[in-house]
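# Notes for the structure review
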Amino acid sequence: EFYYSTTEYEVKVPAGTKSLTLDPQPSDVNAEIASIDGNQLDNGNGTVTITVAAEDGSKAVYTLHVTADAAAPAATEAESEAAANQAAASESQPA
């Protein structure tokens, strides 16, 4: 679950996941997603940062610490995309 006041998250994806496709939605209609960086992963591991700009110009940075789930079998391309969509859905929930 996403909370705007929580800026760091631990995300597990299947081993072999190469990238995350994220489509976060700001909880405030006047805010916008300024950038998403680091969505290319190294065998399911990496750090993704999402920067949100408020109407007044202030920015908030959310960090996703992404790790491969060793218990899960290696992901196929379709499974990697499904994991990425699930991560995006959890990021896009309003607080």
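A brief look at the structure comes next.

Cut-offs applied
- Residues numbered from 1 in each chain as written.
- Predicted model: local features only at pLDDT ≥ 70, side-chain atom pairs only at ≥ 80, totals over all residues.
- Heavy atoms only, no water.
- Helix = DSSP H or I, 4+ residues; strand = E, 2+ residues; numbered from the N terminus.
- Buried < 20%, exposed > 50% of the residue type's maximum accessible area, 1.4 Å probe, protein only.
- Contact = heavy atoms within 4.5 Å.
- Phe/Tyr/Trp six-rings, centres within 6.5 Å; stacked < 30°, edge-to-face > 60°.
- Core = buried A, V, L, I, M, F, W, Y, C linked by side-chain atoms within 4.5 Å.
- Pairing = 2+ DSSP bridges.
- Axes fitted to C-alpha atoms, helices over the stretch in contact; angles between N-to-C directions.
- Polar contact = N/O pair within 3.5 Å; in protein donor to acceptor, adjacent residues only side chain to side chain.

Once that is clear, we can look at the overall build of the protein. Broken down by element type, the protein carries 1 helix and 4 strands. Ordered by position from N to C terminus, the α and β elements of the protein give β-β-β-β-α. Evaluated residue by residue, the protein yields a buried proportion of 31% over its 95 residues. Considering only residue pairs separated by 6 or more positions, the protein has 54% of its internal contacts joining residues 24 or more positions apart.

Here we take up the packing of aromatic side chains. Tallied over the full model, the rule gives 2 aromatic pairs. Among the aromatic residues, those joined into a cluster by ring pairs are Phe-2, Tyr-9 and Tyr-62.

As a further point, take the nonpolar core. Membership of the largest hydrophobic core comes to 14 residues, with the highest contact counts inside it found for Val-13, Leu-20, Leu-22, Val-48, Ile-50, Leu-64 and Val-66. Of all the secondary-structure elements, those providing two or more residues to this core are strand 1 (8–14), strand 3 (46–53) and strand 4 (59–69).

Next up on the list: the sheet that holds strand 2 (residues 32–37). Spatially, 1-4-3-2 is the arrangement adopted by the 4 strands of the open sheet, whose pairing is mixed. Of all strands in the sheet, those with a lone pairing partner are strand 1 and strand 2, marking the two edges. Each strand of the sheet is rotated relative to its neighbour by a mean of 25 degrees, with strand direction disregarded. With 7 bridges joining them, strand 1 and strand 4 adopt parallel strand pairing. Bridge pairing links Lys-12 to Thr-67 in strand 4.

Let us look at unusual backbone geometry. Despite not being glycine, Asn-43 shows a phi value in the positive range, around 55 degrees. Structurally, Asn-43 is set in the loop between strand 2 and strand 3. For Asn-43, a relative accessible area of 48% puts it in the partly exposed group.

Bringing the side chain of Thr-17 into the picture now. Structurally, Thr-17 can be placed in the loop between strand 1 and strand 2. Here the side chain of Thr-17 touches Pro-14 through a polar contact of 2.6 Å, landing on its backbone oxygen.

On their own, these measurements won't tell you what the molecule is for.
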